[in-house]
Amino acid sequence: MRIIGLTGGIGSGKSTVEAILARRGAVVIDADRVAREVVEPGKEAYRRIVEHFGTAVVGEGGELDRAAIARVVFADRDELRFLNSVTHPAVGEAILERLGELSRTRPDAVVFLSVPLLVETGGAERYGTEAVVVVDVPPELAVQRLVESRGMTREDAKARVAAQAPRADRLRAADHVIDNSGNLSALEREVDRVLAALGAL
Ligand code: ATP
């Protein structure tokens, strides 16, 4: 089984690239999705979060109220630290578990592991990725796409993009770069170019 890291800044096009990769037959593990799964009702991380923050962070259907949690942790660094101390290890373990299962059931698979902060958190070493692929756009274009497609305000989008690790740091850690400054068919060609360079699929 091959494990390839996929990362990129906010609004760079990671999810769009994941969808193309899946159509090409790759297995995609999306860390953001795993992060939502590990806090589903019944999971250990859910139990610890509710125990700590109380029922004020539980929605009507029993699921975590993400907005309520965000309000608490954005106002208090210690609470953010607590939340991360519960969720980060749970996400890491769930990813390693999934990789272990895939290596048994799909030994021929090409797995793309999509982690927003792969470079910044040293995830590449931890998960044994053989290469890091970075989806790259100029920051102004990320802002424009977030405004147009996510309904974010320009100020909010700019602040989120600016809060990230510098683009140059990500690019330095990249073995391959997918340029997403063009349209969607240009992006498909970029993905295929990088798959060919990796000798994958
Ligand atoms: P996040 O970091 O917020 O999860 P992301 O890196 O997964 O974002 P996407 O959601 O794939 O990024 O892309 C951001 C937005 O830009 C989406 O609405 C997507 O449809 C749009 N987009 C992505 N690539 C292109 C492109 N080449 N042309 C036009 N729009 C695009």
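Above this note sits the structure.
Residues numbered from 1 in each chain as written. Predicted model: local features only at pLDDT ≥ 70, side-chain atom pairs only at ≥ 80, totals over all residues. Heavy atoms only, no water.

*Asks:* Outline the overall build of the protein, listing residues and values.
*Replies:* When helices and strands are counted, the protein shows ten helices and five strands. Expected size for 201 residues packed as a compact globule is a radius of gyration near 17 Å; at 18 Å, the protein falls within 12% of this value. Each principal axis of the C-alpha distribution contributes one length, and for the protein these read about 50 × 45 × 30 Å. Taking all 201 residues of the protein together, the buried fraction comes to 41%. Relative to all contacts within the protein whose residues are 6 or more apart in sequence, the contacts with residues 24 or more apart total 70%. Of the charged side chains in the protein, 27 are positive and 31 negative; the average position of the first set lies 3 Å away from that of the second. (Helix = DSSP H or I, 4+ residues; strand = E, 2+ residues; numbered from the N terminus. Rg over C-alpha atoms; globule rule 2.2 N^0.38 Å. Buried < 20%, exposed > 50% of the residue type's maximum accessible area, 1.4 Å probe, protein only. Contact = heavy atoms within 4.5 Å. Lys, Arg positive; Asp, Glu negative; His and termini not counted. Charge placed at Lys NZ, Arg CZ, Asp CG, Glu CD.)

*Asks:* Could you give me a rundown of the side chain of threonine 87, with the residues and numbers involved?
*Replies:* Looking at the element boundaries, threonine 87 is found in helix 5 (residues 77-105). Judged by its relative accessible area of 13%, threonine 87 is buried. For threonine 87, the residues in contact, after removing those within four places along its chain, are Val39 and Ile49.

*Asks:* Give a description of the nonpolar core that names residues and reports values.
*Replies:* One broad rule of soluble globular proteins: the nonpolar side chains tend to lie buried together. Residues Ile29, Ile49, Leu64, Ile95, Leu99 and Leu113 are the most contacted members of the largest nonpolar core, which totals 36 residues. Broken down by secondary-structure element, the contributors of at least two residues to this core are strand 2 (27-30), helix 2 (31-37), helix 3 (44-53), helix 4 (66-75), helix 5, strand 3 (110-114), helix 6 (123-127) and strand 4 (131-136). It is helix 5 that provides the largest number of residues to this core, a total of nine residues. Those residues within four positions of leucine 64 in sequence are excluded, and the remaining contacts are Val39, Tyr46, Ile49, Val50, Val57, Gly59 and Ile69. In this structure, Ala26, Val110, Ala131 and Val191 belong to the second largest nonpolar core, which totals 18 residues. (Core = buried A, V, L, I, M, F, W, Y, C linked by side-chain atoms within 4.5 Å.)

*Asks:* If you had to explain the packing of helix 4 against helix 5 to someone new, which residues and values would you point to?
*Replies:* At a minimum axis separation of 5 Å, helix 4 and helix 5 run at an interaxial angle of 125 degrees. Here helix 5 runs oblique to helix 4, going by the angle between their axes. Taking contact as the criterion, the partners of Ile69, Val72, Val73 and Ala75 in helix 4 are, on helix 5, Arg77, Glu79, Leu80 and Leu83. Here the residues of the contact of helix 4 with helix 5 sort into six nonpolar, no polar and two charged. (Axes fitted to C-alpha atoms, helices over the stretch in contact; angles between N-to-C directions. Parallel < 35°, antiparallel > 145°, perpendicular 65-115°, else oblique. Nonpolar A, V, L, I, M, F, W, Y, C, P; charged D, E, K, R; others polar.)

*Asks:* Residue-level account of the site of the ligand, with values.
*Replies:* Within the structure, the ligand sits among 15 residues, and Lys14, Ser15, Thr16, Ser149 and Arg150 are positioned closest to it. Within the contact set of the ligand, an oxygen atom lies 3.0 Å away from a backbone nitrogen or oxygen of glycine 13. Going through the elements one at a time, helix 1 (14-23) and helix 7 (139-150) are the ones with two or more residues in the shell around the ligand. Class assignment for the residues of the shell around the ligand results in two nonpolar, ten polar and three charged. (Near = heavy atom within 4 Å. Polar contact = N/O pair within 3.5 Å; in protein donor to acceptor, adjacent residues only side chain to side chain.)

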